[in-house]
Amino acid sequence: MSASQAEMEAVVQHALEAAARAGASQADVLLVEGDDREVRVRGDEIEFVKQAQERGLGIRALVDGKEGRRTSIVSTSDLAPDAVARMAEEAVALARATAADPSAGLPEGGFATDLPDLELFDPADRNVSLDARIEDAKRAEAAARDFDPRIDNSEGSQASSGHARVVYGNSQGFLGSYESASHGLFSEPLAREGDSMQRDYWMTSARRLADLEDAAAVGRKAAERAIRRLGGKRVETCEVPVIFDGMTAPSLIGQVASCVSGYSVYRESTFLGEKLGESIAASAVTIIDDGRLPTGLGSKPFDGEGQPTRRNVLVENGVLETWLLDTYSGRKLDLPSTGSAARGTGSAPRVGTTNLWLEPGEKTLDELIAELDRGLVVTELIGMGFNPTTGDYSRGAAGLWVENGEVVHPVEEITIAGNLGDMLQSIDRIGSELVWRGRTASPPIRISAMTVAGE
């Protein structure tokens, strides 16, 4: 049974008081309660249905030592007062057994004082039924299978809805809460022609059900993408312009964000570590992380340490403008937090992005393809071949081969390679379509030259 907002806040206060009584010099407490519904349909069958209510309480206790603060984190799903008090005492005891760290500790101030309504949920969606989400999945699945006779199977179509309430408080006097929701729909059909069998997918996600793409359109788009991959073949190894479409380009932006994390910087594990204030990308490249974007899938009024979220411009007109920092990594670099702490109930704060995107250009993906004499459009990336320390980039890929401005055949079993630093400087076209399917979004990007390894 879900607790009221006041009851959740009382649990957090109780945990903070118990930690203080046990000897914690500082403490913070995160309480998350979630209600998740998920269904998957494959063909005419409902493969699984999930409805789960979960809650978790995380207590971080800090104890002063001669050379810094000692820290521990414990978590529990038992919110009974005696259990919470016991967990707080255990957290303090565990903290005393850890090594002191001079950079550990809560923020010294600057906590969020305004908690704006970021339109993170629609009250009308609160009691969305499983039957309604099953019907959405069925519509997507049926539309995919009806799209073309070559769609003869699928990995299924999946719909999900989740609501969460978050309460965070700390011994510095901050107590805040917010409520959010997320909804998604995903379809993954299989296409077959002769000996060729391919799969692809399409998805939509939003804070409000009404903002999702139509279920049938999701299924048709997924089927269209699977069909166009039939007959894929390798190409000869060459160096050509490469376009990352709107499904694959966000991964590049995410890798830039990981390289400007304060943890990567102070650990000297990023090739951008000495580049603050310097040009690291083409002048058309501006990358933003904004935790207060209305309806944003990564929006929240405060971060995992109670600091106000904000708009951080990571790269502006190609120049690296800031690191992303929580309190700990900021202290390591003698810089203030950028409101970028993310954490779960069982983990310490770490740097995380909120709503991260590359500013769009003016031309559509079709126009970028029409401008291409010869090159590759990447529609799927495979593997994790990226070294943040050197920037070296090498990943398996599939996509579409372009000659004289037209797609001539699908491509598979290839590898694309380069160096992220060189790739960022070589972005010579940015598309106009910016579609949010998660917390990171990017329009299509064209890189003037990359190595495509095939035959």
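Cut-off values and rules
Residue numbers restart at each chain and count upward from 1, following the sequence in its written direction. pLDDT decides what is reported in this predicted model: residues at 70 or higher carry local features, side-chain atom pairs at 80 or more are listed and counted, and totals for whole chains, interfaces and linings draw on all residues regardless. With hydrogens and water excluded, all non-hydrogen atoms of the structure serve as input to the side-chain values. Put simply, DSSP marks the helices as runs of H or I at least four residues long and the strands as runs of E at least two long, and each gets a number from the N terminus on. Here the globule rule reads 2.2 Å times residues to the power 0.38, and the radius of gyration is calculated from C-alpha atoms. The contact definition used throughout considers only heavy atoms, calling two residues in contact when any of these lie within 4.5 Å. For every accessible area listed, the method is Shrake-Rupley and the probe measures 1.4 Å; residues are considered covered only by the protein chains on display. Note on pairing: two strands pair once DSSP finds at least 2 bridges between them. For helices, the axis comes from a line fit to the C-alpha atoms of the stretch in contact; other axes are also lines fit to C-alpha atoms, and the angle between any two N-to-C directions lies between 0 and 180 degrees. Remark: exposure states derive from per-residue accessible area (1.4 Å probe, protein chains only) relative to the maximum for the residue type, with buried under 20%, exposed over 50%, and partly exposed in between. Within 3.5 Å is the distance limit for a polar contact, defined as a pair of N or O atoms, with the added protein rule that one can donate a hydrogen and the other accept it, and that residues adjacent in sequence qualify only through two side-chain atoms. Multiply 1.5 Å by the residue count of a helix minus one, and that product is the helix's expected span. Each Phe, Tyr or Trp ring, with Trp reduced to its six-membered ring, pairs with another whose centre is within 6.5 Å; inter-plane angles below 30 degrees give stacked pairs, above 60 give edge-to-face pairs, and intermediate values give tilted ones. Among buried residues, those of type Ala, Val, Leu, Ile, Met, Phe, Trp, Tyr and Cys that are joined through side-chain atoms within 4.5 Å constitute a nonpolar core. Any angle that falls under 35 degrees is termed roughly parallel, while one over 145 is termed roughly antiparallel, one within 65 to 115 roughly perpendicular, and all others oblique. The sense of a crossing depends on the near helix, which, turned anticlockwise from the far helix by less than a right angle, makes the crossing left-handed and, turned clockwise, makes it right-handed. Residues are grouped as follows: Ala, Val, Leu, Ile, Met, Phe, Trp, Tyr, Cys and Pro are nonpolar; Asp, Glu, Lys and Arg are charged; every other residue, Gly included, is polar. Salt bridge, as used here, is a side-chain nitrogen of Lys or Arg placed within 4 Å of a carboxyl oxygen of Asp or Glu. A cavity, in this analysis, means grid points on a 1 Å lattice covering only the protein atoms where a 1.4 Å probe fits yet has no way out; a pocket is instead an open set bounded by protein on both sides within 12 Å along at least five of seven lines, and a residue lines either one if it has an atom within 4 Å of a point. Grid points are joined across faces, edges and corners, and a volume is the space filled by probe spheres set on the points.

> Before we go on, may I ask you to explain the overall build of the chain in this structure?
Looking only at helices and strands, the chain features nine helices and 20 strands. Expected size for 455 residues packed as a compact globule is a radius of gyration near 23 Å; at 24 Å, the chain falls within 12% of this value. Each principal axis of the C-alpha atoms in the chain carries an extent, and together these give about 70 × 55 × 35 Å. Considering only residue pairs separated by 6 or more positions, the chain has 73% of its internal contacts joining residues 24 or more positions apart. When the accessible surface of the chain is split by element, carbon and sulfur atoms take 46% of a total near 19400 Å².

> Looking at this model, I keep getting lost on the sheet that holds strand S19 (residues 440-441). Mind explaining?
Sheets are built from strands that pair by backbone hydrogen bonding, the pairs being arranged parallel or antiparallel. A sheet is described by the order of its strands in space; here five strands give the open sequence S11-S10-S9-S14-S19, paired in mixed fashion. Edge strands, defined here as strands with exactly one partner in the open sheet, are strand S11 (319-320) and S19. Where strand S10 (residues 311-316) and S11 come together, two bridges link them in antiparallel fashion. Following the sheet pairing, Val315 is matched in S11 by Leu320. Docked against the sheet, helix H5 (residues 249-259) engages strand S9 (287-290), S10, strand S14 (356-358) and S19, running at close to 115 degrees with respect to S14.

> What is the right way to look at the side chain of Ser161 in this model?
Secondary-structure assignment places Ser161 in strand S4 (residues 151-170). Ser161 gets classed as buried once you look at its relative accessible area, which sits at 5%. Reaching out from Ser161, the side chain makes a polar contact with the side chain of His183 at a distance of 2.7 Å. Here Ser161 is in contact with Asp35, Asp36, Arg37, Val128, Arg133, Ser182, His183 and Leu209, once residues within four sequence places are set aside.

> What should I look at first to understand helix H2 (residues 81-96) in this one?
An α-helical segment advances 3.6 residues per turn. Residues three or four places apart therefore align on the same side. Over its 16 residues, H2 runs 23 Å from end to end, which matches the ideal 22 Å to within 8%, given 1.5 Å per residue. Along H2, the positions that sit buried rather than exposed are Ala83, Val84, Ala85, Met87, Ala88, Ala91, Val92 and Ala95. Elements that come into contact with the buried residues of H2 comprise helix H1 (5-22), strand S2 (45-65) and strand S3 (68-76).

> For this particular structure, what's the right way to read the packing of aromatic side chains?
Each aromatic ring pair is specified by the distance between its two centres and by the angle formed by the two planes. Tallying each qualifying case throughout the model produces eleven aromatic pairs. When the ring of Tyr168 is compared with that of Phe174, the centres are 5.9 Å apart and the planes differ by 40 degrees; the resulting orientation is tilted. What makes Phe174 buried here is its relative accessible area of 7%. For the pair Tyr263 and Tyr328, a centre-to-centre distance of 6.2 Å together with 15 degrees between the ring planes defines the contact as stacked. In this pair, Tyr263 sits in helix H6 (residues 262-266) while Tyr328 sits in helix H7 (residues 327-333), placing the two residues 65 residues apart along the sequence. Owing to a relative accessible area of 5%, Tyr263 belongs among the buried residues under this scheme. What links up through ring pairs into an aromatic cluster is the set Phe111, Tyr168, Phe174, Tyr178 and Phe302.

> How should the nonpolar core be read in this particular structure?
Inside soluble globular proteins, nonpolar side chains tend to come together where they are buried. Among the nonpolar cores identified, the biggest contains 50 residues, and Phe244, Val285, Ile287, Leu376, Tyr393, Ile416 and Val452 are the most heavily contacted of them. Tallying contributions element by element places H5 first for this core, with six residues. Those residues in contact with Val452, other than ones at most four positions away along the chain, are Val235, Glu236, Thr237, Cys238, Val240, Val242, Leu376, Ile414, Thr415 and Ile416. In this structure, Ala15, Ala19, Ala24 and Val92 belong to the second largest nonpolar core, which totals 26 residues.

> Help me out: how do you make sense of unusual backbone geometry in this one?
Trans peptide bonds make up the majority, and among non-glycine residues the majority have a negative phi. Positive phi values are uncommon outside glycine, yet Thr295 reaches one of about 65 degrees. With respect to the helices and strands, Thr295 occurs in the loop between S9 and S10. Look at Thr295 and you get partly exposed, because its relative accessible area is 28%. Not every positive phi belongs to a glycine, and Asn317 is a case in point at roughly 50 degrees. Relative to the elements of secondary structure, Asn317 occurs in the loop between S10 and S11.

> Would you take a moment to explain the packing of H1 against H2 for this structure?
Helix packing for two helices is described by the angle between their axes and how far apart those axes are. At a minimum axis distance of 8 Å, the contact between H1 and H2 shows a crossing angle of 45 degrees. One element, H1, and the other, H2, form an angle in the oblique class. Of the two possible hands of crossing, H1 and H2 adopt the one that is right-handed. Each of Val11, His14, Ala15, Ala18, Ala19 and Ala22 in H1 lies in contact with H2, whose residues at this interface are Pro81, Val84, Ala85, Ala88, Glu89, Val92 and Arg96. Each residue belonging to the contact of H1 with H2 can be placed in one class, and the counts come to ten nonpolar, one polar and two charged.

> I tried to follow the pattern of salt bridges on my own but got confused; where do I start?
Side chains bearing opposite charge may pair, as long as their charged atoms lie close to each other. Inspection of every chain in the model, using the stated rule, returns 28 salt bridges. Between Asp114 and Arg292 there is a salt bridge, with its nearest N and O atoms 2.8 Å apart. Of the two residues, Asp114 is situated in the loop between H2 and helix H3 (130-146) and Arg292 in the loop between S9 and S10; the sequence distance between them amounts to 178 residues. Among the residues examined, Asp114 registers a relative accessible area of 38% and is labelled partly exposed. In this structure Arg292 comes out as buried when scored by relative accessible area, which is 18%. Residue Arg133 pairs with Asp136 through a salt bridge whose shortest N-O separation is 3.0 Å. Here Asp136 and Arg133 lie together in helix H3, a separation of three residues that amounts to about one turn. Overall, Arg133 belongs to the buried group, its relative accessible area being 1%. On the accessibility criterion, Asp136 (21% relative accessible area) is partly exposed. Residues participating in the shared-partner salt-bridge network are Glu188, Arg199, Asp200, Arg225, Arg229, Asp245 and Glu380.

> It is not clear to me how empty space enclosed by the protein should be interpreted in this structure. Could you clarify?
In this approach, a probe sized like a water molecule rolls over the atoms, and the result shows the empty space that is left. Here the structure, examined in full by the defined rule, presents two cavities of 30 Å³ or more. Here the largest cavity is characterised by a volume of approximately 40 Å³. Around the largest cavity, the lining residues are Gln198, Arg229, Gly232, Thr379, Ala398, Gly399, Pro410, Val411 and Glu412. The dominant element in the lining of the largest cavity, judged by the number of residues it contributes, is strand S17 (residues 406-419), at three residues. A class-by-class count of the residues in the lining of the largest cavity yields three nonpolar, four polar and two charged.

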